[in-house]
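Here is how the chains run, residue by residue.
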Amino acid sequence: MSGKDIQNIALNHLRALTILYQEGSVKAAAERLRITPPAVSYSLRLLREALGDPLFVRTNNGLIPTVRVHAIMDELPGIVNQLDNLLQRSLHFCPTGAGGRLHIAVPQALGGWLIPHLYHRVAQEAPKLTFHSELWSKTTLKQLEREELDIGIHIIDQHPKSLVQRTLAQASMVIICRQEHPLTTAKQVTFDLLAAQPVLIHESSNYSGYVTVVETLFKQQGYKPKVKACIGQLNAAFRLIETSDMIMFGSREFLPEISGSLTMIDTPGEFSDLLKVRAYFHSRQRQNPFYHWLLDIIREEIDRHKQVSATHLPGTSIGHIQQVQSPQSS
């Protein structure tokens, strides 16, 4: 190993080594880093030459780290994180001087409360920006790829590799149904019971072909939900839930006001940590300080909304919360 070899090591190579160590697969590391597998292999080859060690041994169970890599990994992840944070802090950005147009896409269930709060926050901190918003649609991911939109917000977790994904918040999934629905008297909410219920899916047409998290989870448990309606208009969806035995899945924290004739029921434990609110933007903007600022204020407004929602008691604007026992709590 020579000094020249060490000089060839860049931060992106060390980042690739860290992720490869965590994933144990070149393909998985590439997907997580949003780069191609050959780019990860190039970093690995350069590091092997610079450090004079194979670093990983290929087996039927994936890549096995060498003793040298285990020793390096005692400190490297922390160093990489410190460097990332240092570089991000060094990017100076003053929102008061930002001009032009901010264009975002948000689904109806989130946008109803988020857009007004976000507009006022942006107007206060970046008064020269013009604020534009639209509903998430089938073309949103393509618009983000073409950078016709600055940022998109949704719960989907499938997207092109040209886009960056950032988690904004965790949400709790609940079942929404009418107050007199038979499900409200059940001692336990199980998948057997849920699979027998007619299901309404909201905004399925706006998922760009994405299979909803509810359908995915049912499939993982060996069930298929009885989807009876796919409704794009949220008010119409609520009205149908009020006047039928259909049930609907949604986020406790992020739903708009529901009428007193509807109720929310806790879902089984398998639904926990299922919903995440995510932001998407083009990978070229990964280190853009404008996006760091924008993500920070979106997170702050979402956290503030969650805190306010948590103070509501049953019977107030967010509806009644039924504590129906799930198998995990029995």
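Since the structure is predicted, the reported quantities are computational estimates derived from the model, not experimental observations.

Engineer: Tell me what's going on with the confidence of the model for the chain, and back it up with residues and numbers.
Structural biologist: Interpreting fine coordinate detail is not advised for predicted regions of low pLDDT. Taken over all residues, the pLDDT of the chain has a mean of 83, while the share at 70 or more is 85%. Scored below 50 in pLDDT, residues 204-210 makes 18 contacts in the model with residues more than four places away or belonging to other chains. Here residues 313-330 scores under 50 on pLDDT; set against residues more than four positions off or in separate chains, the count is 49 contacts.

Engineer: Outline the packing of aromatic side chains, listing residues and values.
Structural biologist: Tallied over the full model, the rule gives eight aromatic pairs. Taking the centre distance of 5.6 Å and the plane angle of 45° together, the rings of Phe290 and Trp293 count as tilted. Taken together, the residues span about one helical turn, with Phe290 and Trp293 both in helix H12 (residues 289-310) at a distance of three residues. Given the relative accessible area of 13%, Phe290 is considered buried. Grouping aromatic residues by their ring pairs yields a cluster made of Phe191, Phe218, Tyr223 and Phe249.

Engineer: Give me the sheet that holds strand E5 (residues 151-154): which residues, what numbers.
Structural biologist: Spatial ordering of the open sheet is given by E4-E3-E5-E12-E6, a layout of five strands whose pairing is mixed. Edge positions in the sheet fall to strand E4 (129-135) and strand E6 (163-171), since each of these pairs with one other strand and no more. Sheet twist, expressed as the average angle between the axes of neighbouring strands with direction ignored, equals 20°. With eight bridges connecting them, E6 and strand E12 (residues 275-282) associate as antiparallel partners. Bridging across to E12, Ala169 finds its partner in Val277.

Engineer: Run through the environment of Ile247, naming residues and quoting values.
Structural biologist: As for its placement among the helices and strands, Ile247 is situated in strand E10 (residues 247-251). Separated by 19 residues in the primary sequence, Ile247 and Lys228 place their C-alpha atoms 9.8 Å from one another. Residues in contact with Ile247, not counting those within four places in the same chain, are Ile175, Ile176, Cys177, His181, Leu183, Leu194, Gln197, Pro198, Val199, Leu200 and Ile241.

Engineer: Which residues make up the pattern of salt bridges, and what are the values?
Structural biologist: For the structure on display, the rule yields eleven salt bridges. Of the charged contacts in the structure, one is a salt bridge between Glu148 and Arg146, with a shortest N-O distance of 2.8 Å. In this structure, the salt-bridge partner of Glu242 is Arg239, at a minimum N-O distance of 3.4 Å. Of this pair, Glu242 and Arg239 are both found in helix H11 (residues 234-242), three residues apart, which corresponds to roughly one turn of the helix. Under the relative-accessibility criterion, Glu242 is labelled partly exposed at 23%. Connected through salt bridges with shared partners, the residues Arg121, Glu125, Glu300, Glu301 and Arg304 form a single ionic network.

Engineer: Could you give an account of the nonpolar core, naming the residues involved and the relevant values?
Structural biologist: Formed by 50 residues in total, the largest nonpolar core has its most connected members in Val122, Leu194, Phe249 and Ile302. In terms of residues, this core owes the most to one element, H12, which gives eight residues. Aside from chain neighbours lying at most four places away, what touches Phe249 is Met173, Val174, Ile175, Leu194, Val199, Val214, Phe218, Thr267 and Phe271.

Engineer: I'd like a description of the pairing of E5, backed by residues and values.
Structural biologist: Burial of E5 is two-sided: the residues Ile151 and Ile153 facing one way and the residues Gly152 and His154 facing the other way are all buried. By the bridge criterion, two bridges tie strand E3 (residues 100-106) to E5 in an arrangement that is parallel. In the strand pairing of E5, Ala105 is matched with Gly152. The sheet contact formed by E5 and E12 spans three bridges and is antiparallel. Bridge pairing links Ile153 to Ala279 in E12.

Engineer: Give me unusual backbone geometry: which residues, what numbers.
Structural biologist: The residue Leu55 is not glycine, and still its phi comes out positive at about 70°. Relative to the helices and strands, Leu55 is located in the loop between helix H4 (37-51) and strand E1 (56-59). Taking the relative accessible area as the measure of exposure, Leu55 reaches 0% and is therefore buried. Despite not being glycine, Glu147 has its phi angle at roughly 60°, a positive value. You can see Glu147 is positioned in the loop between helix H8 (140-145) and E5. Taking the relative accessible area as the measure of exposure, Glu147 reaches 31% and is therefore partly exposed.

Engineer: I'd like a rundown of the environment of Leu55, residues and numbers included.
Structural biologist: Separated by eleven residues in the primary sequence, Leu55 and Leu44 have C-alpha atoms spaced 8.1 Å apart. The contacts of Leu55, once residues within four sequence positions are left out, are Leu17, Leu44, Leu47, Arg48, Ile64, Pro65, Thr66 and Val69.

Engineer: Please set out the packing of helix H2 (residues 11-23) against helix H3 (residues 26-33) residue by residue, giving values where relevant.
Structural biologist: Axis separation between H2 and H3 bottoms out at 8 Å; the angle between their running directions is 125°. With respect to H3, the element H2 is oriented oblique. Where H2 crosses over H3, the two elements pack in a sense that is right-handed. Mapping the contact onto sequence places Arg15, Ala16, Ile19, Leu20, Gln22 and Glu23 in H2 and Val26, Ala28, Ala29, Arg32 and Leu33 in H3.

Engineer: Could you give me a rundown of the environment of His159, with the residues and numbers involved?
Structural biologist: Looking at where His159 falls in the secondary structure, it is placed in the loop between E5 and E6. Look at His159 and you get buried, because its relative accessible area is 14%. Considering only alpha carbons, one finds His159 and Leu141, 18 residues apart in sequence, at a separation of 7.1 Å.

The rules we used
- Residues numbered from 1 in each chain as written.
- Predicted model: local features only at pLDDT ≥ 70, side-chain atom pairs only at ≥ 80, totals over all residues.
- Heavy atoms only, no water.
- pLDDT = per-residue confidence, 0-100.
- Contact = heavy atoms within 4.5 Å.
- Phe/Tyr/Trp six-rings, centres within 6.5 Å; stacked < 30°, edge-to-face > 60°.
- Helix = DSSP H or I, 4+ residues; strand = E, 2+ residues; numbered from the N terminus.
- Buried < 20%, exposed > 50% of the residue type's maximum accessible area, 1.4 Å probe, protein only.
- Pairing = 2+ DSSP bridges.
- Axes fitted to C-alpha atoms, helices over the stretch in contact; angles between N-to-C directions.
- Salt bridge = Lys/Arg side-chain N within 4 Å of Asp/Glu carboxyl O.
- Core = buried A, V, L, I, M, F, W, Y, C linked by side-chain atoms within 4.5 Å.
- Parallel < 35°, antiparallel > 145°, perpendicular 65-115°, else oblique.
- Left-handed = near helix turned anticlockwise from the far one by under 90°.

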